[in-house]
Amino acid sequence: MKLQIGNVKLENNLILAPMAGVTDLPFRVLCREEGCGLLYTEMVSAKAILYKNKNTKELLEVDPSERPIAVQLFGSDPQILGAMAHQIEDGPYDLIDLNMGCPVPKVAGNGEGSALMKNPKLVEEILSTMVKSVKKPVTVKFRKGFDDDHVNAVEIAKIAESCGVSAVAVHGRTREQYYSGTADWDIIRQVKEAVSIPVIGNGDIFTPQDAKRCLEETGCDGLMIGRGARGNPWIFKRTAHYLETGELLPEPTGAEIGEMILRHARMQVKMKGEYIGMKEMRKHVAWYTAGLPHSASMRRASNELETLEQLENLLNTNGLGS
């Protein structure tokens, strides 16, 4: 199923969710190769761009092969968000997204991310300023609500639509839930029924079958896959195939997993140097190998990884080498 957001046409309706510390350039490239229709950068602080924080340069870096891609900004000052959206608009991004979903205390405690949902008036100010500041489509990702007493995803979606936002992504959990419990897909359905812009469903999509069920139960236009893609870039190809044909492609073999881990690691090292690249690969190795024989001992061993050579030895020892 194809999807169009503003003037941006996607190959399919499968989208990689922005995840801090996960969806960096190497991982995004792998997901794109495996059939992901739209990528998102990790979230970038609008204030950090304003103050030219050196860490934002890497977060904003995009490979031409990744497009279409959305850059995700977070913040709470309408003027700064509008100005920074305008400043980066000429960059290699197709969509500019506002983060209203991040639950972590240092973001939400600052009145940013999911905390914005508590202030619909400010949301309206931010989104209308961003839409007026750029020519590219603006999108927004938010949650069911801040907590169970303040479930206002439908209200926020209507505000977004009235401000000229091109699509909304809805995570079916409140901020208080973080990632626990089950996602409430019914709220996604309610948002879909309330607005006419594309609605992207997010939360608890771990298999191709989950994806199909979410589409059927919510009527949403697109599917955003987050934790289900960690250590599993294949989920996009397998899901797209299943949605088109009803046929389930086999899970990747041990050799394919080993090959993907090595490619991922080499890309990390090339981009970030061996020390940082391998440190960041540790969690990815744990995700890639979860559920495999010896996965617990591999996870322990991966926490010590410092070099590509050590990783190759670890994979060979566990029958995942080439």
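The structure reproduced in this document is the subject of the present report.

The rules behind the values
Counting from 1, residues in each chain are numbered in the order their sequence is written. Local features in this predicted model are restricted to residues of pLDDT 70 or higher, and side-chain atom pairs are both shown and tallied only at a pLDDT of 80 or more, whereas totals for entire chains, interfaces and linings draw on every residue. The basis for the side-chain values is all heavy atoms of the structure; hydrogens and waters are excluded. Per the convention used, a helix needs a DSSP run of H or I reaching at least four residues, while a strand needs a run of E reaching at least two, with both numbered from the N terminus. Residue count minus one, scaled by 1.5 Å, sets the expected span of a helix. Fitting one axis to the seven residues ending at a residue and another to the seven starting there, the bend at that residue is the angle between the two axes. With a 1.4 Å probe rolled over the protein chains alone, any residue whose accessible area is under 20% of its type maximum counts as buried; one over 50% counts as exposed, and the rest are partly exposed. Contacts are residue-level and defined by heavy atoms, with any inter-residue pair within 4.5 Å sufficient. The handedness rule is simple: strands pointing away from the viewer, and a clockwise path from the first strand over the helix to the second, make the crossover right-handed. Whether two strands pair comes down to DSSP finding at least two bridges between them. Working convention: axes come from line fits to C-alpha atoms, limited for helices to the stretch in contact. Angles between N-to-C directions cover 0 to 180 degrees. Residues grouped as a nonpolar core are buried Ala, Val, Leu, Ile, Met, Phe, Trp, Tyr and Cys residues, joined through side-chain atoms within 4.5 Å.

1. Description of helix α12 (residues 274-289)
Move 1: For α12, built from 16 residues, the straight-helix expectation of 22 Å at 1.5 Å per residue is met to within 8% by its first-to-last C-alpha distance of 21 Å.
Move 2: The principal kink in α12, of about 35°, is found at arginine 282.
Move 3: The complete set of buried residues in α12 reads Gly277, Met278, Met281, His284, Val285, Ala286, Tyr288 and Thr289.
Move 4: Among the structural elements, α1 (25-33), α10 (234-245), α11 (254-272), α13 (295-302) and α14 (308-317) are those in contact with the buried residues of α12.

2. Description of the pairing of strand β9 (residues 199-202)
Move 1: Taking every second residue as pointing to the same face, both faces of β9 are buried, with Val199 and Gly201 on one and Ile200 and Asn202 on the other.
Move 2: Regarding the hand of the β-α-β motif, the stretch spanning strand β8 (residues 167-174), helix α8 (residues 185-194) and β9 is right-handed.
Move 3: Sheet analysis places β9 next to strand β10 (residues 222-225), joined by 3 bridges and oriented parallel. Among the inter-strand pairings, asparagine 202 is bridged to a residue of β10, identified as methionine 224.
Move 4: Each parallel crossover has a hand, and the one from β9 via helix α9 (residues 208-218) to β10 is right-handed.

3. Some details on the sheet that holds β9
Move 1: Sheet architecture is open: 8 strands sit in the order β3-β10-β9-β8-β7-β6-β5-β4, paired in parallel fashion. In this open sheet, the two strands that pair with only one neighbour each are β3 (14-16) and β4 (39-45). Across the sheet, the mean angle separating the axes of adjacent strands is 30° when strand polarity is ignored.
Move 2: By the bridge criterion, 5 bridges tie strand β6 (residues 95-100) to strand β7 (residues 138-145) in an arrangement that is parallel. When the bridges of β7 are listed, aspartate 97 appears paired with threonine 139.
Move 3: Running over the sheet, helix α4 (residues 78-88) touches β5 (69-74) and β6 and is turned about 150° from β5.

4. Notes on the nonpolar core
Move 1: Phe142 and Val168 are the most contacted members of the largest nonpolar core, which has 86 residues in total.
Move 2: The element best represented in this core is α11, accounting for 7 residues.
Move 3: Residue contacts for valine 168: discarding those within four places in its chain leaves Val140, Phe142, Ala160, Val191, Ile197, Pro198, Val199 and Ile200.
Move 4: Grouped together as the second largest cluster of nonpolar side chains are 14 residues, Leu3, Val8, Tyr40 and Ile200 included.

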